[in-house]
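Reading the structure
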Amino acid sequence: MSTDNVQIFDTTLRDGEQVPGCKLNKTQKLVIAERLDLLGVDIIEAGFPVSSPGDFESVMEISKLVKNASICALSRSVENDIKVAAEALQYAKRPRIHTGIGTSDSHIKYKFNTTRDKIIERGVAAVKCAKSFVEDVEFYAEDAGRTENEFLARVCEQMIKAGATVLNIPDTTGYCLPEEYGAKIKYLKENVKGIHNVTISCHCHNDLGLATANSMAGVSNGARQIECTINGIGERAGNTALEEIVMIMRQHPSLNLTTGIDASLLFSTSQMVSDTMGMMVQPNKAIVGTNAFAHSSGIHQDGVIKNRETYEIIDPAEVGVTESAIILTARSGRAALAYRAKKLGYELTKLELDKVYPEFLKFADSKKEVQNDDIHEIMKISNISTTVV
């Protein structure tokens, strides 16, 4: 069975940067953009040019810098937004304008105070305007997750006729359940004329912790682009995490889906973005958290020491992590102590281990984690010297 490629649309520099306190200067954006290009993302959403002179300049400079990825600029369905986006993208090798409008009844009534037909008219006008500047035009149906499917299909069909090449179906509020979002993509695939000539994109938010699951449901039902961010940063609870969806597809070959991402750069890219934006990655974050490959339970430690795959489905080296971490705590057993001691030069016999272990537990009960210096102190108390150079 053939494998389909899923395009990775990274919006760290646009949606990710909208997080309070995460504002980047131009130099920082260029460094991250260059890393994203090296990582292998297909599209970099570089910013919202009309929002500020600084954002405009950043999009323009990123367009000059990036060699491989398409560069995308966001706009509202406003003619001036689109013109400014096009100007900012003038140096891009592969420019894309991302324009759109809200399509849910909530947005139509309360945000725009208009009608469904008027929303379609504005969307069509925006796509046609963008198409006059660039060939690659992506349309977003904001709040598509809460948009009635029959109307959403009408919107999509009209945007395809107007010239859109990508249809973004955002779960803007993170409301959808995976089966609902997957069914929405399936409905569009089956009911929109011309849908097979464009790419369907998933842009899912994490308000209920379902962004990654929803994105995977989307591609499982025919979407072929996922919009995501490094570390899952973004508005409110964040976006789909790039590292998660990439590794899901790598770990489940039965999905017959692949990406062009160099997974060995995931951890270092995560750290770069975290340091640059000042946004700490939660320790238990999947794939890139400091505890993602750390083991403190004695049962788990024993299993991992014997065979890593006992408790790890991903080889840490695959994502750029040096090795699994055996964290010594009061829950650690003899196997973990012997393992760490050997790394420090102590080749313990069974009798020596039996002698050392009670001293280890005394240390472990007095602190959260036993460090290397503590191991040396334990060995000194136990009159055991190094045997391995």
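Residues numbered from 1 in each chain as written. Predicted model: local features only at pLDDT ≥ 70, side-chain atom pairs only at ≥ 80, totals over all residues. Heavy atoms only, no water.

Thoughts on the sheet that holds strand E9 (residues 225–228)
- Spatially, the 8 strands close up into a barrel ordered E2-E3-E4-E5-E6-E7-E8-E9, and their pairing is parallel. Each neighbouring strand pair of the sheet contributes to a mean axis angle of 25°, computed without reference to strand direction.
- Pairing analysis gives 4 bridges linking strand E2 (residues 7–10) to E9, with the strands arranged parallel. Its bridge partner being in E9, Ile-8 is matched across the sheet by Ile-226. (Pairing = 2+ DSSP bridges. Helix = DSSP H or I, 4+ residues; strand = E, 2+ residues; numbered from the N terminus. Axes fitted to C-alpha atoms, helices over the stretch in contact; angles between N-to-C directions.)

Regarding the packing of aromatic side chains
- This model, assessed by the stated rule, comprises 1 aromatic pair.
- Seen from the ring of Tyr-91, Lys-64 lies directly overhead, with NZ or CZ sitting 4.8 Å from the centre. (Phe/Tyr/Trp six-rings, centres within 6.5 Å; stacked < 30°, edge-to-face > 60°. Lys NZ or Arg CZ within 6 Å of the ring centre and 35° of its normal.)

Here's the deal with the pairing of strand E6 (residues 136–142)
- Of all 7 residues in E6, 6 are buried, a share of seventy percent or more.
- Two elements, strand E5 (residues 95–102) and E6, share 7 bridges in a ladder whose sense is parallel. For Thr-99, the partnering residue across the bridge sits in E6 and is Phe-139.
- In terms of strand pairing, E6 meets strand E7 (residues 166–171) through 3 bridges, oriented parallel. By the bridge assignment, Phe-139 is partnered in E7 with Leu-167.
- A crossover connection joins E6 to the parallel E7 through helix H6 (residues 149–162); in handedness this β-α-β unit is right-handed. (Buried < 20%, exposed > 50% of the residue type's maximum accessible area, 1.4 Å probe, protein only. Right-handed = clockwise from strand over helix to strand, strands pointing away.)

Re the pattern of salt bridges
- According to the stated counting rule, one finds 32 salt bridges in the structure shown.
- A salt bridge links Glu-121 to Lys-118, with the shortest nitrogen-to-oxygen separation between them at 3.8 Å. Here Glu-121 and its partner Lys-118 are both found in helix H5 (residues 116–131), 3 residues apart, which amounts to about one turn of the helix.
- Its relative accessible area of 48% is what places Glu-121 among the partly exposed residues.
- The class for Lys-118 is partly exposed, based on a relative accessible area of 44%.
- Asp-354 is the salt-bridge partner of Arg-334, the closest N and O atoms lying 3.3 Å from each other. Taken together, the residues Arg-334 in helix H12 (residues 334–343) and Asp-354 in helix H13 (residues 350–366) connect sequence positions 20 residues apart.
- Take Arg-334: its relative accessible area is 39%, and that puts it in the partly exposed class.
- Each of the salt bridges in this network shares a partner with another, and the network as a whole consists of Glu-17, Lys-23, Lys-29 and Asp-55. (Salt bridge = Lys/Arg side-chain N within 4 Å of Asp/Glu carboxyl O.)

A word on H5
- Compared with the 22 Å implied by 1.5 Å per residue over 16 residues, the 23 Å span of H5 between its first and last C-alpha is a close match.
- Among all positions in H5, only Ile-119, Ile-120, Gly-123, Val-124, Ala-126, Val-127, Cys-129 and Ala-130 are buried.
- If you follow the buried residues of H5, they end up packed against helix H3 (79–88), E5, helix H4 (105–111), E6 and H6. (Expected span 1.5 Å × (residues − 1). Contact = heavy atoms within 4.5 Å.)

Some points on the side chain of Glu-312
- As for its placement among the helices and strands, Glu-312 is situated in the loop between helix H11 (298–306) and strand E12 (325–326).
- At a separation of 2.7 Å, a polar atom in the side chain of Glu-312 contacts the side chain of His-295.
- Only 2.6 Å separates the side chain of Glu-312 from the side chain of Ser-324, close enough to count as a polar contact.
- Aside from chain neighbours lying at most four places away, what touches Glu-312 is Phe-293, His-295 and Ser-324. (Polar contact = N/O pair within 3.5 Å; in protein donor to acceptor, adjacent residues only side chain to side chain.)

Function-wise, these values are silent; they only describe arrangement.
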